[in-house]
Amino acid sequence: MKKIRTRYAPSPTGFMHIGNLRSAIFEYLIAKHDDGDFILRIEDTDQTRKVDGAVEFIYKTCELCGLKFDEGPNNPGLYGPYTQSERLDIYSKYAHELVEKGKAYYCFCSEERLQDLRHQAELEKRAFLYDGYCKNLTKEEIANKIKNGEKYVIRQKMPKEGISSYEDVVFGNISVENKILEDQILLKSDGFPTYNFANVVDDHLMAITHVARGNEYLMSTPKYNLLYDAFGWERPVYIHLPMVLGEDGQKLSKRNGDASFMDLYNDGYLPEGIVNYLALLGWSSSDNVEIFTLEELAKIFDPKRISKSPAIYDVKKLNWVNAHYIKKLPIEKLCEITIPHLKDAYNIEDKSTEWLNHLVKLYQKHISYGKEIVSLVSLFFNDDIVIEGEAKEFMESDASIETVLKVFEEEIKNIDNWNLDNITLAINNTKDKANVKGKLLYMPIRIKVSGQMHGPELPDTIYLLGKDVVLNRLQK
Ligand code: GLU
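Rules behind the numbers
- Residues numbered from 1 in each chain as written.
- Predicted model: local features only at pLDDT ≥ 70, side-chain atom pairs only at ≥ 80, totals over all residues.
- Heavy atoms only, no water.
- Phe/Tyr/Trp six-rings, centres within 6.5 Å; stacked < 30°, edge-to-face > 60°.
- Helix = DSSP H or I, 4+ residues; strand = E, 2+ residues; numbered from the N terminus.
- Buried < 20%, exposed > 50% of the residue type's maximum accessible area, 1.4 Å probe, protein only.
- Near = heavy atom within 4 Å.
- Polar contact = N/O pair within 3.5 Å; in protein donor to acceptor, adjacent residues only side chain to side chain.
- Areas by Shrake-Rupley, 256 points an atom, 1.4 Å probe, with all protein chains shown as cover.
- 1 Å grid on protein atoms, 1.4 Å probe; cavity = no way out; pocket = protein on both sides within 12 Å on 5 of 7 lines; lining within 4 Å.
- Sits in = over half its atoms within 2 Å of the grid points.
- Nonpolar A, V, L, I, M, F, W, Y, C, P; charged D, E, K, R; others polar.
- Salt bridge = Lys/Arg side-chain N within 4 Å of Asp/Glu carboxyl O.
- Core = buried A, V, L, I, M, F, W, Y, C linked by side-chain atoms within 4.5 Å.
- Contact = heavy atoms within 4.5 Å.
- Axes fitted to C-alpha atoms, helices over the stretch in contact; angles between N-to-C directions.
- Parallel < 35°, antiparallel > 145°, perpendicular 65-115°, else oblique.
- Left-handed = near helix turned anticlockwise from the far one by under 90°.
- Expected span 1.5 Å × (residues − 1).

If you walk through the whole model with that rule in mind, you get 25 aromatic pairs. With a centroid separation of 5.7 Å and 15° between ring planes, the pair formed by Phe 261 and Tyr 265 is classed as stacked. Taken as a pair, Phe 261 and Tyr 265 lie in helix H8 (residues 261–266) at a separation of four residues, close to a single helical turn. Among the residues examined, Phe 261 registers a relative accessible area of 1% and is labelled buried.

Next comes the structure, spelled out in structure tokens:
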């Protein structure tokens, strides 16, 4: 069997967003499932949309996610160059070869003429298709125009009858009537290819066996297949990926939750968690397991299990998946993704490293990403504890509560050596002396010192607040 080769082919137009990264992950998994090669190709033919630094971001993101390229601009293999703007002579050669074969033609139509055609189509309320005006120019006419320096594009000659179809791994049989296919531009007058041409030439020359990409290309793929056929090249396997929508069912955008990988990473999400979650965006395992490392995913990934229906980007699910990885994180790593956020939000100058580490550890089970710790720990940094709502109701619900708090205050006052053991002892003494247990013991203390009904271990919370703060709050 031929070695499987897939490619991630981003246009360097900005940060890597959820949808792009999901494509890269699927492309990687398809290759690695069969020990194949995963290639990076930079599609920068639209120079107007190019963003400085975008290629570096692609590399950085993929590296953090563990998506290693077997070939790409930085580690060229046998099929370079891997950046489209460095391949212009290749596209030109192949476009002219198609003209020779009678499958493409020079078109000299001016922008004004094309505008008129578009305008006419609009008036007649039909889709604009180039009318093939230049298709029948004679060899002499063409030679003369070129000699006169007239600018031209090269267009693909589409069949006007019949149907073109192919089998997509995800979407099944896709058929289009040839008469709706436009004689699309392959090579522009500035010598740059269109995506429509470059993707075919490159996928063929780079020996790509499986083309996995967003389903916005599903319906134009018949046009690409006609190019493969015109050259006499073997068509690749196509795996079009379902769209990723926001929770509101609309196209993913900043407004409905889209984030770039770097946004998530900077908020203290873990690359392993992000990758794991994105692998579930439109794909599921046969036994419904949902937590996987990249290696485990590669072992079991089956593109036949990719769903046709749009995937919904669900932040709650992302948080759930990421929390699995947060729970397993060594404390030093957890500190790396939380403390910078604490520093931004609070004044932590007087806190020792030991205190900060203890705080972070205490909340490990409670956060799903690094920055989330900020909202949970405000009780350690703000002194205006407000007891309201359900907590207030609870505090007024039983006559024993006042006693518990009085006894506990005395116990705390008597602690000379402020440590966890002595704090636990103070709680236990309160239990005996006030003769209460369970919720009636813990809840009043927790609410009084933290303002909250739920939180991490009570002795640790009390310890980290410090004796003065705890007494202060008990006496309020
Ligand atoms: N450069 C294209 C894009 O970013 C890639 C499409 C493909 O994978 O063929 O949408």
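So much for the structure itself; the text now carries on.
Turning our attention to the site of the ligand. Taken together, Arg 7, Ala 9, Ser 11, Glu 43, Tyr 195, Arg 213 and Tyr 217 make up the full set of residues adjacent to the ligand. A distance of 2.9 Å separates a nitrogen atom of the ligand from a polar side-chain atom of Ser 11. In isolation the ligand has 300 Å² of accessible area, and contact with the protein removes 82% of it. The site holding the ligand turns out to be the largest pocket. Residue composition of the shell around the ligand, by class: three nonpolar, one polar and three charged.

Next up on the list: unusual backbone geometry. When glycine is set aside, most residues are seen to have a negative phi, and most peptide bonds are trans. A cis amide bond, omega -10°, links Gly 80 with the succeeding residue Pro 81. Tracing the backbone shows Pro 81 in the loop between helix H2 (54–65) and helix H3 (88–100). You will see that Ala 207, though not glycine, has its phi angle at about 60°, which is positive. For Asn 288, which is not a glycine, the phi torsion comes out positive at approximately 65°. Inspection of the secondary structure assignment puts Asn 288 in the loop between helix H9 (271–279) and helix H10 (294–300).

Attention now goes to the pattern of salt bridges. Under the counting rule described, the total for this entry stands at 27 salt bridges. One salt bridge connects Asp 70 with Lys 32, and the closest N-O pair in it is separated by 2.7 Å. Residue Asp 70 is found in the loop between H2 and H3, and its partner Lys 32 is found in helix H1 (residues 18–33); the two are separated by 38 residues along the sequence. For Asp 70, a relative accessible area of 33% corresponds to the partly exposed category.

With that out of the way, let us pick up the nonpolar core. Formed by 145 residues in total, the largest nonpolar core has its most connected members in Leu 67, Phe 197, Leu 342, Phe 380, Ile 412 and Ile 462. Here the element with the most residues in this core is H1; it accounts for nine residues. Among all residues touching Leu 342, those that are not within four sequence positions of it are Ile 348, Leu 356, Leu 359, Val 360, Ile 373, Val 374 and Val 377.

Every buried residue of helix H6 (residues 195–205) is listed here: Phe 197, Ala 198, Asn 199, Val 200, Val 201, Asp 202 and Asp 203. The inward-facing, buried residues of H6 abut strand E1 (5–8), H3, strand E7 (185–187), strand E8 (210–214) and helix H7 (221–231). Where H6 ends, the next residue or the one after it, Ala 207, has phi of about 60°, a positive value.

Pairs of packed helices are described in terms of their axes, by the angle between the two and the distance that separates them. Contact pair H6 / H7: the axes reach a minimum separation of 10 Å and the direction vectors enclose 50°. If you check the angle between H6 and H7, you find them oblique. The chirality of how H6 crosses H7 is right-handed. Contacts from Tyr 195, Asn 196, Phe 197, Asn 199, Val 200, Asp 203 and His 204 in H6 reach Tyr 224, Leu 227, Tyr 228 and Phe 231 in H7. Of the residues contributing to the contact of H6 with H7, the split by class is seven nonpolar, three polar and one charged.

Another aspect to go through is H3. Across its 13 residues, H3 extends 19 Å between first and last C-alpha, which sits within 8% of the 18 Å expected from 1.5 Å per residue. Taken together, the buried positions of H3 are Ile 90, Tyr 91, Tyr 94, Ala 95, Leu 98 and Val 99. In this fold, the buried residues of H3 make contact with strand E3 (104–107), strand E4 (153–156), E7, H6 and H7. After H3 finishes, the residue Gly 102 shows a positive phi value of roughly 80°.

You can see Asp 183 is positioned in the loop between strand E6 (172–177) and E7. A distance of 2.7 Å separates polar atoms of two side chains, one belonging to Asp 183 and the other to Tyr 105. A polar contact of 3.0 Å, which involves the side chain of Asp 183, links it to the backbone nitrogen of Met 158. Ignoring anything within four residues of it in the chain, the contact list for Asp 183 reads Tyr 105, Tyr 130, Gly 132, Lys 135, Arg 155, Gln 156, Lys 157, Met 158 and Lys 160.

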